[in-house]
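Examination of the molecular architecture
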Amino acid sequence: MEKLVSHKKTEVRPDLDCYKYVLIAMSRSKVPDVGANVIDLFNTMEEDRIFPDTACFDAAIETFKNCSRRAKLEESETYANAAEMMLKRMEREHDRSSVSAVLPSSTTYTNVILALAVRKTQKAAITADGLLKKMEQKYAEGNEAMKPTRDSYVGVIHAYGNSGAESSFIHANEVFQRMMTQHSNGNEAVKPDISAYHALIRACSRASMNDSASTEQQRQALVLAIATIQEMKKSDLNRPNSKTYLLLLQCCIQLLSSGAERAKALRSIFRSCCKDGLVDQQVLNEFQSVVSTDVYHNEVVHAAHDYNGVKALPESWTRNLGYR
């Protein structure tokens, strides 16, 4: 339509709905670089004095969020920055008028948070947490449209986990505890699921990413990861599964130096996984890759049953895999 108008072959110009539906289609696309066209569309709208509404901004931000998660690292950061800049532009448009067609919501902020989590910097994590705190404040003031969701909190936990900051796991846990408080105060939209617990355990394992992190800080991170799983065991809805134990094994590998202490911790985690009947192939492979041959034989091979010359794990070790 734009080309036809520019070549004077039609007087039918694209209107707001035309641009809106194109932007919405882009937000649903799986093409990793589709976001490259968003700014051009907004510039064209501005030239034609077409003012984007909430749906346009939300679709643009969602497109940038999707691209930030699918693109290569360098491009990923560009899209994450674009999502943040688009939110600032949206807020400016909202503040310009008391009767505005542009109204950021919880969905808007959450998509920017999820985009920022990809940037893997402390600044991005702090910015994401700032957006979450703004949502919390506005929701507390009675703005239902700004009600935080589970994805809002999990996104910030991932942002801290990815940041490489020295105390990232501490901040991630603070966000997790705020999530729990929100839920206990009646916000069902933040009801924690197993992905929230896993995000916190991942944040703990990444405490080793910072070269300045002390041995004591890494131990604290491991203690927090173990405590998180203990909390899961008390839950009726979010009990550990095989992935939980895989993450805890990886956490132990990242946070403890190779030696007797780490071997002891790995055996303890593996035995707990066996007791819960959650040993799958990934857990088994991870355990085998980091312990000595003697330890693996003592813990696994000797316990395996022999069926006509074929070794098989005890059924009790895998009994809970079918429904988790």
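Scope of this entry: the structure provided in the associated data block. (Residues numbered from 1 in each chain as written. Predicted model: local features only at pLDDT ≥ 70, side-chain atom pairs only at ≥ 80, totals over all residues. Heavy atoms only, no water.)

1. Points about the overall build of the chain
For the record, the criterion: Strands here are runs of E lasting at least two residues and helices are runs of H or I lasting at least four, both read from the DSSP assignment and numbered beginning at the N terminus. The buried label goes to any residue with under 20% of its type's maximum accessible area, the exposed label to any with over 50%, and the partly exposed label to all in between, with areas taken from a 1.4 Å probe on protein chains only. In what follows, residue pairs with any heavy atoms lying within 4.5 Å of each other are defined as contacts. For the charge count, each Lys or Arg is scored as positive and each Asp or Glu as negative, with His and the chain ends excluded. Just so you know, the charge point we use is NZ for Lys, CZ for Arg, CG for Asp and CD for Glu.
Counting its secondary structure elements, the chain contains 16 helices and 2 strands. When the backbone C-alpha atoms are referred to their principal axes, the chain occupies close to 80 × 45 × 40 Å. Taking all 324 residues of the chain together, 48% fall into the buried category. Long-range contacts, defined as pairs at least 24 residues apart, comprise 67% of the intrachain contacts of the chain with a sequence gap of at least 6. Side-chain charges in the chain split into 41 positive and 40 negative, and the spacing between the mean points of these groups amounts to 3 Å.

2. Describing helix α13 (residues 260-275)
The cut-off we apply is this: Helix span is expected to be 1.5 Å times the residue number reduced by one.
With 16 residues, α13 ought to run about 22 Å at 1.5 Å a step, and its terminal C-alpha atoms sit 22 Å apart, in line with that. All of the buried residues in α13 are Arg262, Leu266, Ile269, Phe270, Ser272, Cys273 and Cys274. The secondary structure elements touched by the buried residues of α13 are α11 (215-234), α12 (242-255), α14 (281-290), α15 (293-301) and α16 (315-318). In the segment just after α13, Gly277 is the residue with positive phi, at about 70°.

3. Overview of helix α3 (residues 38-47)
Worth spelling out the cut-off: This arc corresponds to the set of directions leading from the helix axis out to the C-beta atoms.
Buried within α3 we find Val38, Leu41, Phe42, Thr44 and Met45. Down the axis, α3 shows its buried residues gathered within 160° of arc, on one side only. Away from its buried face by more than 90 degrees, α3 exposes Glu46 and Glu47.

4. Thoughts on a negative patch on the surface
Which entries qualify depends on this criterion: The residues that make up patches have over 30% relative accessible area and no salt bridge, and they are joined within 9 Å when like-charged or within 5 Å when they are Val, Leu, Ile, Met, Phe, Trp or Tyr. Accessibility throughout is a Shrake-Rupley quantity obtained with a 1.4 Å probe, and a residue counts as covered only by protein chains that appear here. Each reported salt bridge corresponds to a side-chain nitrogen of Lys or Arg within 4 Å of a carboxyl oxygen of Asp or Glu.
There is a patch of like negative charges on the surface, built from Asp33, Glu74, Glu75 and Glu77. Positionally, Glu74 belongs in helix α5 (residues 73-96). Judged by its relative accessible area of 69%, Glu74 is exposed.

5. Some details on the environment of Phe42
On the secondary structure map, Phe42 appears in helix α3. Under the relative-accessibility criterion, Phe42 is labelled buried at 1%. C-alpha separation for the pair Phe42 and Tyr19, spaced 23 residues apart in sequence, amounts to 8.6 Å.

6. Describing the pattern of salt bridges
One pass over the full model with this rule turns up 14 salt bridges. The residue Arg89 makes a salt bridge to Glu46 at a minimum N-O spacing of 3.5 Å. With a gap of 43 residues between them, Arg89 in helix α5 and Glu46 in helix α3 connect regions that are remote in the sequence. Judged by its relative accessible area of 53%, Glu46 falls in the exposed class. Here Glu144 ties to Lys147 by a salt bridge, and the two come within 3.8 Å at their closest N and O atoms. Classification of Lys147 by relative accessible area gives partly exposed; the value is 26%.

7. Here's the deal with the packing of aromatic side chains
Condition: Pairing of aromatic rings covers Phe, Tyr and Trp, the last through its six-membered ring, and needs centres within 6.5 Å; plane angles under 30 degrees mean stacked, over 60 mean edge-to-face, and all others mean tilted.
This structure, assessed with the given rule, holds 6 aromatic pairs. For the pair Phe42 and Phe57, a centre-to-centre distance of 5.3 Å together with 55° between the ring planes defines the contact as tilted. With Phe42 in helix α3 and Phe57 in helix α4 (residues 54-70), this residue pair connects regions lying 15 residues apart in the sequence. As far as the burial class goes, Phe42 and Phe57 line up, both buried. Measuring from ring centre to ring centre gives 6.5 Å for Phe287 and Tyr296, while their planes differ by 40°; the resulting arrangement is tilted. Each member of the pair Phe287 and Tyr296 is classed as buried. Grouped by ring-pair contacts, the aromatic residues Phe270, Phe287, Tyr296 and Trp317 constitute a single cluster.

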